[in-house]
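Read off the chains here:
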Amino acid sequence: HLIVADTGWKHYGVCAEIARVVMENDPGLLKKAMGSLGMAQTPCPTSQALEKFFYPELDQFVEEIYKQMDVPDARSKLPSQEYIKMQKKSFTGPF
């Protein structure tokens, strides 16, 4: 299993390069198709309201992991919205 999470765009960046290296060297290595998470394929937003559509969220990471591991109903195992809000308030980046 392979999931690549990058702080840049999925296309043409680290995610794409890792996928290329794996496919060139051993396409049969993975049990499932590689998962990748990165910024949306749009210009970087300068509005906080648009950030939620641009940057991958915690639930997307957890969902991708569960998908790779064939775990059904991943949504029921996600952290509470209160916990997620608390984490976001304590985060001081990326700018």
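To start, this report covers the structure provided alongside it. (Residues numbered from 1 in each chain as written. Predicted model: local features only at pLDDT ≥ 70, side-chain atom pairs only at ≥ 80, totals over all residues. Heavy atoms only, no water.)

## As for the overall build of the protein chain
Each helix and strand counted, the protein chain has 4 helices and 2 strands in total. The order of helices and strands in the protein chain, counted from the N terminus, is β-α-β-α-α-α. Residues counted as buried form 23% of the 95 residues belonging to the protein chain. At a minimum sequence separation of 6, the contacts of the protein chain that also span at least 24 residues come to 60%. Summed over its atoms, the accessible surface of the protein chain is roughly 7,200 Å², and 60% of this surface lies on carbon and sulfur atoms. (Helix = DSSP H or I, 4+ residues; strand = E, 2+ residues; numbered from the N terminus. Buried < 20%, exposed > 50% of the residue type's maximum accessible area, 1.4 Å probe, protein only. Contact = heavy atoms within 4.5 Å. Areas by Shrake-Rupley, 256 points an atom, 1.4 Å probe, with all protein chains shown as cover.)

## Some remarks on the environment of Asp70
Its place among the elements puts Asp70 in the loop between α3 (58-68) and α4 (81-90). What makes Asp70 exposed here is its relative accessible area of 57%. A sequence separation of 38 residues divides Asp70 from Lys32, and the C-alpha atoms of the two residues are 9.9 Å apart. A distance of 2.5 Å separates a polar atom in the side chain of Asp70 from a polar atom in the side chain of Lys32. (Polar contact = N/O pair within 3.5 Å; in protein donor to acceptor, adjacent residues only side chain to side chain.)

## Section: unusual backbone geometry
Unusually for a residue other than glycine, Tyr12 sits at a positive phi of about 65°. On the secondary structure map, Tyr12 appears in the loop between β1 (3-9) and α1 (14-25). Tyr12 sits in the exposed class, given a relative accessible area of 78%. Backbone geometry at Asp70 places phi at a positive 55°, although glycine is not the residue there.

## A look at the pattern of salt bridges
For the structure on display, the rule yields 4 salt bridges. Measuring nitrogen to oxygen at the nearest pair gives 2.3 Å for the salt bridge that ties Arg20 to Glu17. One end of the pair, Arg20, and the other, Glu17, are both in helix α1, 3 residues apart, so they sit about a helical turn from each other. A residue is classified by how much of its surface remains accessible, and Arg20, at 36% relative accessible area, is partly exposed. Overall, Glu17 belongs to the partly exposed group, its relative accessible area being 40%. (Salt bridge = Lys/Arg side-chain N within 4 Å of Asp/Glu carboxyl O.)

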